Amino acid sequence: MVLRKTFDLVFSYLLCAYVESSCGVKVVDNGYRDIVIAIKPSIPYNGMIPDKIQEMMGEASFFLHRATKKRLYFSDVKILLPSTWSVSSSLVQRPTNESYGKANVIIAEPHPRHGDTPYTLQYGGCGEKGRYIHLTPNFILNDRLVAVYGEKGRSFVHEWAHLQWGVFNEYDDQVPFYRSDKGSIEATRCSKKVKGTIKDCTDSSCSECNINKKTGLPDGGCTFYPEKNQTVSSSIMYHPGLENVVGFCNDKTHNTEAPNRQNTMCNYRSTWDVIVRSEDFRNISSSHTGSVIPTFTLLQAKDRVLCLVLDVSGSMGSENRIVRLRQAAEIFLLQVVETRSQVGIVTFNSGAKVQTKLRKIDNGHVRQELVQLLPTSAGGGTNICAGVRSGFEVLRGDDGATSGDEVVLLTDGEDDKISDCFTDVKQSGAKIHTIALGPSAAKELERLAAMTGGLQFVATDKVDTNGLIDAFTGLVSGNGDISQQSIQLESSGGSVDGGSWFNGTVAIDKTVGNNTHFVLTWEDLTPDAFVRDPNGKIYSISDFDIDDIVHMARLEINGTAQSGTWTYSIMNPGNTQKVTITVTSQAADEKVPPVTVNTKISRKDSTGPVIIYVEVSQGFLPVLFAKVTIIAELPNGRTDEQELLDDGSGADTLRNDGVYSKYFLNTAEHGRYNFKVRVEGRERAAKMANRTDGNAMYIPGYTINGIIYRNPPRPPVSDEDSVAEIGDFSRVKSGGALSIPPGTPVVNFAPCRVTDLQATILNDEIELQWTAPGADLDQGTASYYEMRMSDKLLQLRDSFSGAELVNLTNLKPRPFGSKETFTIVAENAGLRNRTTLYFALCAYDEKNQSSEMSNVARISVFVSLPEEPKGSHVLHSIWIAVVVAVIVCLIVGITDHVVKKKCKSKRLPEAAALYRHNAAA
């Protein structure tokens, strides 16, 4: 019996994993299928864009096939056109679950900092899939950009490797040069056999480079110009624009010395090693010898067509659920669903009833009429399939089909026959967004969302958490037209005693302010309320539209709401009752993107840690230094609040990229977990900045027969500073849901990996610094450290326990996030001229579980004789005195689906006292 339950659990998990993956890119017979390239609605019509996309993808398919040794190619590509484009209906099909918001590649306006440079947004670590590839119309259409980025098909494969396989660039704009272990100056590249010339071509003519005496490296004006005709064939992640470069660096050609992101993120592993270990290659049994020409399908987005399918069974009468349903659905209809959408309503219990066929929302009267059709009473059984099938009938009312339409399905009841309509759901082509209300909602409910690419929400019966309203406000369109979407600025609630006040603030920033609404809900007596704008104007409860039947009051701010901090005060006049407030708004200017929040919950397998990522951005610019809090509602009804970080430690893979991350480990109970994200930015704190990761190389020029031929300089982009303040803002958004099935084991995780170990020479000492890990990943305090050093970099990676021990016995670990400092005497460490030392460490918990090995910190001291630089090769040093060069290499994250290199040795006894701790100095 136990064996059968275990099998059922595993089968259920694997089936869910398969269903979820079926909605995205997949490999079938060596070919990538269901790739979605979506054009943003703000892009003006240009019929050449789809043609140029097809041309690019055809080139990319041939190049990918060759680069992967005939194992992969692009088989099926879907191009999603905006609904605003006027195209012949005979040329396009209706989308199903494809949308701009879920596209693999987006064609959108230039990035304010990158311009037309292609780039990939990557959240995770080595081997983890990225979020999307961003290309611009100018990149697609302008063939002159080939000179500065390389052939478009080749550039696309470079970005595809970021997106699909989680590899990283092998060049680095921030660290373009380094000194090799042999003392020579090298350009950061892979392979090291790529030849070229280092020159300073900032003036009209090129000259020899100046060597910085502090770093021993060429000054900022110097650039590496690769030879146009190379003999090496790698690497695509360095420079796909070189004609002979047709492959990825492998273990034989990989440059482990280069201080690039591939080395720092993937523990010195080659890009090919990461790629062949990916899931895509595990599903391939042989090479592909047939055609590699992709097939293309043109799809065109349309205005939303959706049906609310709402449970009115008897259980909806408990816990005030039917009233809360009406409150949340009313906010959706009046404030969230976009103008021009078509909406129908179906209710169901033992059977289903159509409350209204599709109505087009073209004015406020239609919205109000739809609100009047929302249910007010509950009774009967639960037949989810009846509701879904009736919803499909309503959706067919506009054009006879359901493909690309949406169902919002809410239920609180169990239904053991829900699988009866799985076939109908799969064949419908519609998305089903599910909202599980209360603890007893059907366990298979999320399957409907997973198999159709819909959203999943959970709402408990804790009214003061506003979970049901948050779910409905999260049901915005994924068409990419953010200017027409409702943005939730505040969502809060609490139990208020009689005669007491519930107070708070909400920051309305300059990017929002249109269609701003303050909405109150309560349980019994209408509360008194005051809202004050930044100029001191006060709105009282008499300014609200009050609905005593559903216990709601709504205040609409005319025009564009004043930016600044608004305050609200709510007084409960009677017995203790729960009161909530919700504030929504829209973009103040359709040409200025508002600050937005996107959440991703990641769990690679049933025993791996849950990672929560929250991206905060304005358009394509990341927003830094915000306070980001995740609020989890647990199955037992309790809440767990944790602050997410953007400092490059713990679950966060890149410092200051606007993606805030955290491991969520409070998953010991089985059941549904609901997440809410609260983001707050404060004046002089929150800023916008530039993402520098995952972008294509801008080619400065080439060397041909010893002569440098320069490309035009990078086109100018935004004149704004690299970091700009955006002031106060508030955002609250549903973070989605997570389900932990019964029987899932509770895992005691080891400490997280240290990713920022640094080594610095200070006089006669070597100072080592790092951020303390936790005992369980990023929580708690580790028990002890083990540090080792070697004069061979790869010895630490391949045989950590065989390297020389650094005595850290007297160093007691501090709590996660603290700064650790340790000092050793350089002379005792054996540091001599032309000597390089590498340091790495592991952290252990109380059960002697080891973290993965940290990044490797490197220190070097060089002495060399004066030497003239060679024009056709990478420069050698020109030093005439002793120069100390300190190079810190941060090697981040071996991820779950690659082979993890953990510290193998147990805690060792104290070594000879060759080193001393700085506290004992």
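Structure shown above.
The following refers to the structure shown. (Residues numbered from 1 in each chain as written. Predicted model: local features only at pLDDT ≥ 70, side-chain atom pairs only at ≥ 80, totals over all residues. Heavy atoms only, no water.)

Description of the overall build of the protein
Argument step 1. A tally of regular secondary structure across the protein gives 15 helices and 48 strands.
Argument step 2. Sequence separation of 24 or more characterises 75% of the internal contacts of the protein that already satisfy a separation of 6 or more.
Argument step 3. Just so you have it, the protein exposes about 37100 Å², and 48% of that area is on carbon and sulfur atoms. (Helix = DSSP H or I, 4+ residues; strand = E, 2+ residues; numbered from the N terminus. Contact = heavy atoms within 4.5 Å. Areas by Shrake-Rupley, 256 points an atom, 1.4 Å probe, with all protein chains shown as cover.)

Here we look at the pattern of salt bridges
Argument step 1. On inspection of all chains with the given rule, the structure shows 38 salt bridges.
Argument step 2. As a salt-bridge pair, glutamate 208 and lysine 199 come within 2.5 Å of each other at their nearest N and O atoms.
Argument step 3. By relative accessible area, glutamate 208 is classed as partly exposed at 38%.
Argument step 4. Linking glutamate 393 and arginine 396 is a salt bridge whose minimum nitrogen-to-oxygen distance equals 2.7 Å.
Argument step 5. What you see here is one network of salt bridges that share partners, running through Arg94, Lys302, Asp398, Asp399 and Asp405. (Salt bridge = Lys/Arg side-chain N within 4 Å of Asp/Glu carboxyl O. Buried < 20%, exposed > 50% of the residue type's maximum accessible area, 1.4 Å probe, protein only.)

Points about the side chain of aspartate 280
Argument step 1. If you trace the backbone, aspartate 280 turns up in helix 8 (residues 279-282).
Argument step 2. Buried charged residue aspartate 280 carries no salt bridge. Nearest counter-charge: lysine 129, at 4.8 Å.
Argument step 3. Of the polar contacts made by the side chain of aspartate 280, one reaches the side chain of tryptophan 165; its length is 3.1 Å.
Argument step 4. Beyond its immediate chain neighbours, meaning those up to four positions away, aspartate 280 contacts Val27, Tyr32, Leu72, Gln164 and Trp165. (Lys, Arg positive; Asp, Glu negative; His and termini not counted. Polar contact = N/O pair within 3.5 Å; in protein donor to acceptor, adjacent residues only side chain to side chain.)

A few points about the pairing of strand 38 (residues 707-710)
Argument step 1. Pairing between strand 37 (residues 701-704) and strand 38: four bridges, direction antiparallel. Residue pairing for strand 38: glycine 701 is matched across the bridge by arginine 710.
Argument step 2. Between strand 37 and the antiparallel strand that follows it, strand 38, lie two residues; asparagine 705 among them carries a positive phi value of about 55°. (Pairing = 2+ DSSP bridges.)

Observations regarding unusual backbone geometry
Argument step 1. For the peptide bond that leads from cysteine 190 to serine 191, omega is 10°, which places it in the cis range.
Argument step 2. Assignment of secondary structure puts serine 191 in the loop between strand 10 (185-187) and strand 11 (196-200).
Argument step 3. In this model, serine 234 is joined to serine 235 through a cis peptide bond whose omega is 25°.
Argument step 4. You can see serine 235 is positioned in the loop between strand 12 (222-226) and helix 6 (261-266).
Argument step 5. The phi dihedral of asparagine 656 is positive, around 55°, even though this residue is not glycine.

Observations regarding the nonpolar core
Argument step 1. Counting 70 residues, the largest nonpolar core has Tyr32, Phe74, Leu135, Phe156, Trp160, Trp165 and Phe248 as its most contacted members.
Argument step 2. When residues in this core are grouped by element, the largest group, eight residues, is from helix 2 (residues 48-67).
Argument step 3. With residues up to four places along the chain from it excluded, the contact list for phenylalanine 248 reads Ala67, Val157, Ala161, Trp165, Ser234, Ser235, Ile236, Met237, Thr271, Trp272 and Ile275.
Argument step 4. Counting 38 residues, the second-largest nonpolar core is a separate cluster that includes Met316, Val337, Ile345 and Phe472. (Core = buried A, V, L, I, M, F, W, Y, C linked by side-chain atoms within 4.5 Å.)

Quick word on the environment of glycine 727
Argument step 1. By the element assignment, glycine 727 lies in the loop between strand 39 (724-725) and strand 40 (729-740).
Argument step 2. A sequence separation of 219 residues divides glycine 727 from isoleucine 508, and the C-alpha atoms of the two residues are 9.8 Å apart.

Some words on a negative patch on the surface
Argument step 1. Residues Glu414, Asp416, Asp420 and Glu444 make up a contiguous surface patch of negative charge.
Argument step 2. On the secondary structure map, aspartate 416 appears in the loop between strand 17 (406-411) and helix 12 (422-428). (Patch = residues over 30% accessible without salt bridge, like charges linked within 9 Å, V, L, I, M, F, W, Y side chains within 5 Å. Charge placed at Lys NZ, Arg CZ, Asp CG, Glu CD.)

So, the state of the cysteines
Argument step 1. Evaluated as defined, the whole model comprises five disulfides.
Argument step 2. Covalent S-S linkage joins cysteine 190 and cysteine 249, the inter-sulfur distance amounting to 2.4 Å. Across the S-S bond linking cysteine 190 and cysteine 249, the dihedral sits near -125°, which makes this disulfide left-handed. Highlighted residues: cysteine 190 in the loop between strand 10 and strand 11 and cysteine 249 in the loop between strand 12 and helix 6, separated in sequence by 59 residues.
Argument step 3. Its relative accessible area of 0% is what places cysteine 249 among the buried residues. (Disulfide = S-S within 2.5 Å.)

As for the pairing of strand 20 (residues 487-496)
Argument step 1. Of all ten residues in strand 20, eight are buried, a share of seventy percent or more.
Argument step 2. Relative to strand 28 (residues 577-587), strand 20 is paired through nine bridges, and the arrangement is antiparallel. From the neighbouring strand, serine 492 faces strand 28, where its bridge partner is isoleucine 581.

Digging into a positive patch on the surface
Argument step 1. Taken together, the side chains of Lys129, Arg131, Arg282, Lys600 and Lys604 define a basic patch exposed on the protein surface.
Argument step 2. With respect to the element layout, lysine 600 can be found in strand 29 (residues 595-602).
Argument step 3. With a relative accessible area of 32%, lysine 600 lands in the partly exposed category.

Focus: the packing of helix 9 (residues 321-336) against helix 10 (residues 364-371)
Argument step 1. Between helix 9 and helix 10, the shortest axis-to-axis distance is 9 Å and the interhelical angle comes to 165°. The angle between the axes of helix 9 and helix 10 places the two elements in the roughly antiparallel class. In this structure, the crossing between helix 9 and helix 10 has a hand that is right-handed. Between helix 9 and helix 10, the contacting residues are Arg326, Glu330, Leu333, Leu334 and Gln335 on the first element and Arg367, Gln368, Leu370 and Val371 on the second.
Argument step 2. Here the contact of helix 9 with helix 10 is composed, by residue class, of four nonpolar, two polar and three charged. (Axes fitted to C-alpha atoms, helices over the stretch in contact; angles between N-to-C directions. Parallel < 35°, antiparallel > 145°, perpendicular 65-115°, else oblique. Left-handed = near helix turned anticlockwise from the far one by under 90°. Nonpolar A, V, L, I, M, F, W, Y, C, P; charged D, E, K, R; others polar.)

A look at the sheet that holds strand 6 (residues 105-107)
Argument step 1. Sheet architecture is open: six strands sit in the order 7-8-6-3-5-13, paired in mixed fashion. The sheet is open, and its two edges are formed by strand 7 (119-121) and strand 13 (295-300), each paired on a single side. The sheet shows a mean angle of 25° between the axes of neighbouring strands, direction not considered.
Argument step 2. Bridge count for strand 3 (residues 35-39) against strand 6 is three bridges, and the pairing is parallel. Its bridge partner lying in strand 6, alanine 38 is registered against isoleucine 106.
Argument step 3. Running over the sheet, helix 2 touches strand 3, strand 5 (76-81), strand 6, strand 8 (132-135) and strand 13 and is turned about 160° from strand 5.
Argument step 4. Packing of helix 5 (residues 152-165) onto the sheet brings it into contact with strand 3, strand 6, strand 7 and strand 8, and relative to strand 8 it is tilted by some 150°.

Looking at the packing of aromatic side chains
Argument step 1. All told, the structure shown has 22 aromatic pairs when counted by the stated rule.
Argument step 2. When the centroid spacing of 6.3 Å and the interplanar angle of 15° are considered together, the rings of tyrosine 539 and tryptophan 566 count as stacked. Note that tyrosine 539 is positioned in strand 24 (residues 538-540) and tryptophan 566 in strand 27 (residues 564-571), a separation of 27 residues in sequence.
Argument step 3. Owing to a relative accessible area of 12%, tyrosine 539 belongs among the buried residues under this scheme.
Argument step 4. What links up through ring pairs into an aromatic cluster is the set Tyr32, Phe74, Phe156 and Trp160.
Argument step 5. A cation sits over an aromatic face here: lysine 69 above tryptophan 272, 5.1 Å from the ring centre. (Phe/Tyr/Trp six-rings, centres within 6.5 Å; stacked < 30°, edge-to-face > 60°. Lys NZ or Arg CZ within 6 Å of the ring centre and 35° of its normal.)

Some remarks on helix 13 (residues 445-452)
Since one α-helical turn is 3.6 residues long, residues separated by three or four positions face the same way.
Argument step 1. When you tally the buried positions in helix 13, you get eight out of eight residues, the bulk of the element.
Argument step 2. Residues of helix 13 that are buried include every one of Leu445, Glu446, Arg447, Leu448, Ala449, Ala450, Met451 and Thr452, and no others.
Argument step 3. Glycine 453, located one to two residues past helix 13, shows a positive phi value of around 75°.

Looking at the packing of helix 2 against helix 5
Argument step 1. Following both chains from N to C, one finds helix 2 and helix 5 inclined at 70°, their axes separated by 8 Å at the closest point. Classified by the interaxial angle, the pair formed by helix 2 and helix 5 is roughly perpendicular. Considering how the two elements wind past one another, helix 2 and helix 5 form a crossing that is right-handed. Contact with helix 2, carried on its side by Met56, Met57, Glu59, Ala60, Phe63 and Leu64, involves Lys152, Gly153, Arg154, Phe156, Val157 and Trp165 of helix 5 and no other residues of that element.
Argument step 2. The class makeup of the residues in the contact of helix 2 with helix 5 is eight nonpolar, one polar and three charged.

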